[in-house]
Amino acid sequence: MKSLTPEIIRAITPMFMATIGAVIGVAVLVSPNINDAKWSAGLGLAGTAIAGAAGLAQNSKNEPDFSVKKRGDNFEVETPSSESTDQH
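All figures in this text were calculated on a predicted structure; none of them were measured in a lab.

Within the protein, the secondary structure is distributed over three helices and two strands. Its helices and strands in sequence order give the protein the pattern α-α-β-β-α, from N to C terminus. For the protein, the residues scored as buried account for 10% of the 88 residues in total. Pairs at least 24 apart in sequence give 33% of the contacts found in the protein among residues at least 6 apart.

This is the structure in structure tokens:
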């Protein structure tokens, strides 16, 4: 088995949380004789687990919104949108 590196743990954690949320949700839906409060709490917990998994799955790469460089007496501003249009 591969060693658990931080990259592997970051990749597996959202899938694990989403699976737990799905299991809780299905268990609540198929449970017999469950009252409204327990049904609501169970689906809320399942939704929170799935939303947490989605949040963890987001790319955490921090990119600056813009950069400023001085060229002689002028300033050059680069934004992510200007970088994509400059490479035509």
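For the rest of this paragraph, the subject is a nonpolar patch on the surface. On the surface, Leu 4, Ile 9, Ile 12, Met 15, Phe 16 and Ile 20 cluster together into a nonpolar patch covering about 580 Å² of accessible area. With respect to the helices, strands and loops of the structure, Ile 9 is situated in helix 1 (residues 6–30).

For the rest of this paragraph, the subject is helix 1. With 25 residues, helix 1 ought to run about 36 Å at 1.5 Å a step, and its terminal C-alpha atoms sit 36 Å apart, in line with that. Buried-residue contacts for helix 1 involve helix 2 (36–56).

Conventions we followed
Residues numbered from 1 in each chain as written. Predicted model: local features only at pLDDT ≥ 70, side-chain atom pairs only at ≥ 80, totals over all residues. Heavy atoms only, no water. Helix = DSSP H or I, 4+ residues; strand = E, 2+ residues; numbered from the N terminus. Buried < 20%, exposed > 50% of the residue type's maximum accessible area, 1.4 Å probe, protein only. Contact = heavy atoms within 4.5 Å. Patch = residues over 30% accessible without salt bridge, like charges linked within 9 Å, V, L, I, M, F, W, Y side chains within 5 Å. Areas by Shrake-Rupley, 256 points an atom, 1.4 Å probe, with all protein chains shown as cover. Salt bridge = Lys/Arg side-chain N within 4 Å of Asp/Glu carboxyl O. Expected span 1.5 Å × (residues − 1).

Purely geometric stuff here, so don't read any function into it on its own.
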